[in-house]
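# Structural description and commentary
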Amino acid sequence: MAEHPDGEQKPGWADTKAFRNAFLGVLAVAALAAAIAGFLPQFQKEHPHFSVEHMGAFFAVYGFVAFSFIVLAGQHLRKLVGRKEDYYDERE
Amino acid sequence: MTSASSFITALAVNPAVIMTVGAVLGALIPNGFAAIRRPLMMIFVAMSAFQLNRLGLGEFGALSIFGEPVTMLRIDPLSRIFAVVFHIATALNLLYAWRSRDRAQDFASLAYPAAALGGVLAGDLITLFVWWEIAAITSVFLVWAPGTRATFVAGMRYLTIQVLSGVLLLAGVVLVYRETGSFAFGEIGLRDAQGAMKASGLVMLTAFGIKAAFPLLHNWVQDAYPKASFSGTIVLSVFTTKLAVASIARAFPGEPELILIGAVMTIFPIFFALIENDLKKVLCYSINNQVGFMVVGVGFGTAASINGAVGYAFTNIIFESLLFMAVGAAVYRTGTSKATELGGLYRTMPLTMAFAIVGAMSISAFPGFAGFVTKGLIIDAAGEANHFLIWLVLLFASAGVLEHAGIKIPYFTFFAHDSGKGPKEAPPEMLLAMGISAFLCIAIGVRPEPLYALMPYPEAVADYHPYAPYHVIEQLQLLLWAVLAFAALILLKWYPAEVPSTNLDTDWFYRVPGRGLLGWAVAAVRAVWRLAWRLFSTRTQEIMDRIYAVHGPEGALARSWPTGFMALATAVILGLALIIAFAA
């Protein structure tokens, strides 16, 4: 691993604030652009199967909500099924 | 009955047999020459591929068993697409662990894919059964390869479940034969002509469902696969579940129950994957989720959805393997696959990281990658069928795929926190295998036409345009906003930290209460046996004592008889004879 002469580790490119900000910026712009494009007629389905597809940003909202729900609700599963790491070692 | 020569001819023509011969020859190579084992095996994979290509479509190796015709080799569009991707995966897996010198593992790395290949190419149920069992038996060597007690008992559990599937398959074969009078492997269906459920269909679907890891039958995957070696897990991840998908696609297309089963499969693993710390196990849950999409595709049963299911199987094998390879490389270099112990590897393993991201973007179905051009066919099928709920479920599951396979795998392996580990980059052969896989992910994503031409119903995909502007935007919205949600959760520190833990799943039932029940049953049988033995031995002793008392040296019957007694007895008998003669 690359180290400074004084012994401290030099942060890798992905750990720099500049990269983090650039990544978040590009992501936000791209996500916003995709959401806006959904309202433009040339990016809309001619014969949608379901009425929700008429809403320009349906997939954006659904993706955001679904992901958040999975993470925020899913972590509680740990309380139900989480055990010590050596749970089976003691029993087999 | 078939003559020996026609049987041998039927075997020799079969690509799966060619691969099996390669595996056996490889296993016979002494350990001193282990370095030539994998190159030799690779030659046999090439020969098998050549043979597959040479034969083209058709049925080969027709034989007669018990007076019934069987077709050991059927290359039709459905089996061909699986056969092609099985060859690709086998070759890449051999390359990935090129330096392996483990005889059993090397053998299994070719014999097991060969058996799965034989299974998808089987034209009759007897042949399918034989390859089905060979796949079960050869694959367990991969689970046992690390040689610890934990892998041994996991292997035994795995083998028990796989053989159970085989036994059910055999029962199903008998039921199908009784019903149709034929061993031909075609559409079986779940219902008879009157619309009632039929036993043959249910038994066959259960046999296939075990191997496809249907919900509640799924946990052998998470139990066994991660315990194999870093390369064994990759081999295992490809074949068994996809052989099952190919079999379900052939036998049960359009069964509505499959839509529901598949939808459940796409959802529940997402939550288990979220809380799982072992990244190999996360990918095992991902297998369940991905096979769920395929099962839904088969369940809709239209030409387009079957194309979607098998096309998705094709691409999934490549990008799921790529993710397993990337995690495998991290395990190879660091000795761990725990998210809590990994992180920050991007600095020293940048190429592996880049390949992992290609795999992650492919499985998440980003436009430009392999998943995008095939998954849409399945989700569109839900739309075509006006199945709004299933359509929503599949989109929800797509966000879930992004979470556990698209983000969690690369993020916790290569980024997240700095684990302090600075391992070397993966060895060249691993990089090459990952590089070829990543290339295929992008090549198929950019130019899907050759894959579409391989699909079972190419005419049904002729009008499918994955890069229609609305499709690209819909998918980008779904994925980018899901990534945005991830970024927001990380910044808000709401994303749950990984913790070292064991998460209970259905295997708990047979590993803890089941094991307890078995222990109790063993103790009960032992106690009954001991009681029975004690009763038996006590009674036997009593009888022996009585016999001894009568016949023993002191016994009444062991007395010596004086000569006078004999003379008296003779006189009495003669006297009696005289009286009887006089009276007569």
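Residues numbered from 1 in each chain as written. Chains lettered and ligands numbered in written order. Predicted model: local features only at pLDDT ≥ 70, side-chain atom pairs only at ≥ 80, totals over all residues.

Moving on, we get to the overall build of chain B. Secondary structure assignment for chain B yields 22 helices and three strands. Rg of the C-alpha trace for chain B: 32 Å, well past the compact-globule value of 25 Å for 584 residues, more than 25% over. Split into buried and exposed, the 584 residues of chain B put 54% on the buried side. In chain B, once contacts between residues fewer than 6 apart in sequence are set aside, the share between residues at least 24 apart is 80%. (Helix = DSSP H or I, 4+ residues; strand = E, 2+ residues; numbered from the N terminus. Rg over C-alpha atoms; globule rule 2.2 N^0.38 Å. Buried ≥ 20, exposed ≤ 12 C-beta atoms within 10 Å, placed from the backbone. Contact = placed C-beta atoms within 7 Å.)

Counting its secondary structure elements, chain A contains three helices and one strand. Along chain A, from the amino end to the carboxyl end, the secondary structure elements read α-α-α-β. For 92 residues, the compact-globule estimate of 2.2 N^0.38 gives 12 Å, and the C-alpha radius of gyration of chain A, at 23 Å, exceeds that figure by more than 25%. Dimensions along the principal axes, computed over C-alpha positions, put chain A at roughly 55 × 50 × 20 Å. Of all 92 residues assigned to chain A, the portion counted as buried reaches 18%.

Look at helix α2 (residues 58-74) of chain A against helix α16 (residues 388-414) of chain B: their axes get within 9 Å of each other, and the N-to-C directions meet at 60°. In this view, α2(A) runs oblique relative to α16(B), as classed from their interaxial angle. Crossing geometry of α2(A) relative to α16(B) is assigned as right-handed. Each of A:Y62, A:G63, A:A66, A:F67, A:I70 and A:V71 in α2(A) lies in contact with α16(B), whose residues at this interface are B:L395, B:F396, B:A399, B:G400, B:L402 and B:E403. Of the residues assigned to the contact of α2(A) with α16(B), the class counts are nine nonpolar, two polar and one charged. (Axes fitted to C-alpha atoms, helices over the stretch in contact; angles between N-to-C directions. Parallel < 35°, antiparallel > 145°, perpendicular 65-115°, else oblique. Left-handed = near helix turned anticlockwise from the far one by under 90°. Nonpolar A, V, L, I, M, F, W, Y, C, P; charged D, E, K, R; others polar.)

A separate point is the confidence of the model for chain B. Mean pLDDT over chain B stands at 94; residues scoring 70 or higher make up 100%. Per the prediction output, this complex has pTM 0.90; the corresponding ipTM is 0.91. (pLDDT = per-residue confidence, 0-100.)

Taken together, the contact between chain B and chain A spans 48 residues of the former and 43 residues of the latter. Of all the elements in the fold, those that place two or more residues in the side of chain B that touches chain A are α11 (256-275), α15 (370-384), α16, α19 (469-491) and β3 (502-503) of chain B. By residue number, the principal contributor to the side of chain B that touches chain A is α19(B), which donates 17 residues. In terms of residue class, the side of chain B that touches chain A is made up of 34 nonpolar, nine polar and five charged.

Residue and element names in this part refer to chain B. Alignment of strand β1 (residues 58-65) against strand β2 (residues 68-75), held across seven bridges, turns out to be antiparallel. Counterpart to G58 in the pairing with β2 is I75. Adjacent in sequence and paired antiparallel, β1 and β2 are bridged by two residues, among which F66 carries a positive phi angle near 55°. (Pairing = 2+ DSSP bridges.)

Let us now look at the confidence of the model for chain A. All names here are of chain A. The predicted model of chain A has a mean per-residue pLDDT of 87, with 90% of residues at 70 or higher. Of all the helices and strands in chain A, strand β1 (residues 82-83) carries the lowest mean pLDDT, 90, while α2 carries the highest, 96. Ignoring residues within four places in sequence, the model shows residues 1-7, a span with pLDDT below 50, making eight contacts including any to other chains.

Another aspect to go through is the environment of B:G368. Residue and element names in this part refer to chain B. Mapped onto the elements, G368 comes out in the loop between α14 (350-363) and α15. Residue G368 is classed as partly exposed on the basis of its 14 C-beta neighbours within 10 Å. With 74 residues separating them along the chain, G368 and I442 place their C-alpha atoms 6.4 Å apart. In this view, G368 contacts I442, G445 and V446; residues no more than four positions away in its chain are not counted.

Residues and elements named next belong to chain B. For helix α17 (residues 428-446), built from 19 residues, the straight-helix expectation of 27 Å at 1.5 Å per residue is met to within 8% by its first-to-last C-alpha distance of 26 Å. Taken residue by residue, α17 has M430, A433, M434, S437, A438, L440, C441, I444 and G445 as its buried positions. The arc that holds the buried residues of α17, viewed along the axis, is 155°, so those residues lie on one side. Tucked inside the fold, the buried residues of α17 contact α4 (77-96), α13 (303-334), α14, α15 and α18 (449-454). (Expected span 1.5 Å × (residues − 1). Arc of directions from axis to C-beta.)

Glancing now at the nonpolar core. All names here are of chain B. In terms of nonpolar packing, the biggest core is built from 212 residues, with L322, L323 and A482 touching the most fellow members. Counting the residues that make up this core, at least three belong to each of domain 1 (1-250) and domain 2 (257-452 + 461-502). In this view, L322 contacts F355, V358, G359, M434, S437, A438 and C441; residues no more than four positions away in its chain are not counted. (Core = buried A, V, L, I, M, F, W, Y, C linked by C-beta atoms within 7 Å. Domains from an automatic or database assignment.)

This brings us to the packing of helix α2 (residues 15-28) of chain B against helix α3 (residues 37-55) of chain B. Residue and element names in this part refer to chain B. For the pair α2 and α3, the least separation of the axes is 8 Å and the interaxial angle reads 170°. Compared by their axis directions, α2 and α3 come out roughly antiparallel. Where α2 abuts α3, its residues P15, I18, M19, V21, G22, A23, L25 and G26 lie against R37, L40, M41, F44, V45, M47, S48, Q51 and L52. Partitioned by chemical class, the residues of the contact of α2 with α3 number 12 nonpolar, four polar and one charged.

This part is about the environment of B:D223. All names here are of chain B. Structurally, D223 can be placed in helix α9 (residues 220-224). C-alpha of D223 to C-alpha of A114: the two residues are 109 residues apart in sequence and 23 Å apart in space. Ignoring anything within four residues of it in the chain, the contact list for D223 reads A154, R157, Y158 and D507.

The next point concerns helix α7 (residues 149-180) of chain B. With 32 residues, α7(B) should cover 46 Å at 1.5 Å per step; its first-to-last C-alpha distance of 46 Å lies within 8% of that length. Downstream of α7(B) by a residue or two, B:G181 has a phi angle that is positive, lying close to 75°.

This brings us to unusual backbone geometry. Residues and elements named next belong to chain B. Phi at A365 takes a positive value of approximately 70°, unusual for a residue other than glycine. Along the chain, the position of A365 falls in the loop between α14 and α15. If you check the backbone angles, A416 has positive phi at about 50° while not being a glycine. You can see A416 is positioned in the loop between α16 and α17. By C-beta crowding, A416 is classed as buried, having 20 other C-beta atoms within 10 Å.

For the rest of this paragraph, the subject is the environment of A:A35. Examined against the element boundaries, A:A35 turns out to sit in helix α1 (residues 17-37). Between the alpha carbons of A:A35 and A:M55 there is a distance of 10 Å; along the sequence they are 20 residues apart. The contacts of A:A35, once residues within four sequence positions are left out, are A:A57, A:A60 and B:Q477.

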